[in-house]
Amino acid sequence: MSYNEAKEHTPGRLNELFADPYQAFKNDTDERQLHIRIMLHMLLARPMTRGQMTLRVIHGWENGGFDPKDLQHVDYPLSGIADFKRAVQDFEHASKHNTPLPADRTAILATPLDDAIAEAEAEGQDLTNDIRDTPARWPAFEGGLALYTLFKMYHRLVYGEDDTYRCAQCTTPLGMREIHEFHLEEGEFALLVPPAENFIKEESLLVLHESQLGPIEQLLEESLPLFDNF
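Residues numbered from 1 in each chain as written. Predicted model: local features only at pLDDT ≥ 70, side-chain atom pairs only at ≥ 80, totals over all residues. Heavy atoms only, no water.

**Student:** Lay out the packing of helix α3 (residues 81-96) against helix α6 (residues 213-223) in plain terms, naming residues and giving numbers.
**Tutor:** Where α3 meets α6, the closest approach of the two axes is 10 Å, and the angle between their N-to-C directions is 160 degrees. One element, α3, and the other, α6, form an angle in the roughly antiparallel class. Relative to α6, α3 is oriented so that their crossing is left-handed. Of α6, the residues touching α3 (which contributes Ile81, Phe84, Lys85, Ala87, Val88 and Phe91) are Leu213, Ile216, Glu217, Leu220 and Glu221. (Axes fitted to C-alpha atoms, helices over the stretch in contact; angles between N-to-C directions. Helix = DSSP H or I, 4+ residues; strand = E, 2+ residues; numbered from the N terminus. Parallel < 35°, antiparallel > 145°, perpendicular 65-115°, else oblique. Left-handed = near helix turned anticlockwise from the far one by under 90°. Contact = heavy atoms within 4.5 Å.)

**Student:** Could you give an account of the state of the cysteines, naming the residues involved and the relevant values?
**Tutor:** The full count for this structure, using the stated rule, is zero disulfides. Just so you know, cysteine 170 is unpaired, no disulfide at all, and the nearest cysteine sulfur is the one on cysteine 167, 11 Å from it. (Disulfide = S-S within 2.5 Å.)

**Student:** Hey, could you go over the pattern of salt bridges for me, with residue numbers and the actual values?
**Tutor:** Opposite charge on two side chains makes pairing possible when the charged atoms of those side chains draw close. The tally for this structure, following the rule as stated, stands at 16 salt bridges. Notably, a salt bridge pairs aspartate 67 with lysine 69, separated by 2.6 Å at the nearest N-O pair. On the accessibility criterion, lysine 69 (53% relative accessible area) is exposed. Arginine 166 is the salt-bridge partner of glutamate 161, the closest N and O atoms lying 2.8 Å from each other. On the basis of relative accessible area, glutamate 161 is assigned to the partly exposed category, the value being 24%. Assessed through its relative accessible area of 11%, arginine 166 is described here as buried. (Salt bridge = Lys/Arg side-chain N within 4 Å of Asp/Glu carboxyl O. Buried < 20%, exposed > 50% of the residue type's maximum accessible area, 1.4 Å probe, protein only.)

**Student:** Which residues make up the sheet that holds strand β4 (residues 165-172), and what values do they have?
**Tutor:** On the basis of which strands lie adjacent, the open sheet formed by seven strands has the order β1-β4-β5-β6-β7-β2-β3 and mixed pairing. Single-partner strands in this sheet number two, and they are β1 (6-7) and β3 (72-77). Where strand β6 (residues 187-193) and strand β7 (residues 204-209) come together, three bridges link them in antiparallel fashion. The partner of leucine 191 across the bridge, within β7, is leucine 206. Set on the sheet, helix α2 (residues 32-49) makes contact with β2 (53-59), β5 (175-184), β6 and β7; between it and β6 the angle comes to about 45 degrees. Packed on one face of the sheet, α3 meets β2, β3 and β7 and runs near 145 degrees to β3. (Pairing = 2+ DSSP bridges.)

**Student:** Which residues make up the environment of leucine 34, and what are the values?
**Tutor:** Tracing the sequence through the fold places leucine 34 in helix α2. Counting along the chain gives 109 residues from leucine 34 to glycine 143, while the straight-line C-alpha distance between them is 38 Å.

As far as function goes, none of this settles anything; it's purely spatial.
Below, the structure written as structure tokens:
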């Protein structure tokens, strides 16, 4: 296992903007709203206007469940607030008409997990039968630490988290990404962005649970237009 797959609580792009990003978004912090809007402009709006942002809406886990095969998602190209509203409308339509929530066919955790376990076993690694169902044991095989880090991010976005902000570094299908995770009064979401040297060139990802579509829609409507004339 390579610990270069993922690292928790690492410095990221927001360290270039704020003296202490872990304090910048707490409810009792001065200029908190300004910090949120600057963060959204730098990490979301700018990649979005370059056509480098994707919205990923997750759902499927409920009542404490966390089976990788039950985590579903759908991805939307995100180039503006209108694209976000289309995602909101899709989920509202499904809820109103009692139809299945939008979902892509690909399994964002289950498939890469099965592939990584199969590869480890093919190389002669002896893994316990229950390792697939025990996320904390995934770092025992190559690629498992990254999968465990992503699992924890998805789990926190579904079930909530006390920490207002955290930053990690993780290998993803897009390459190495900084995971900027936010659990704010205004809504909960994560932004997966390239490191500084690749930020202008590579793709970013906005991830949130379907329950957060309404709150984040409001946050974006209130925040993103503020920088239009700057």
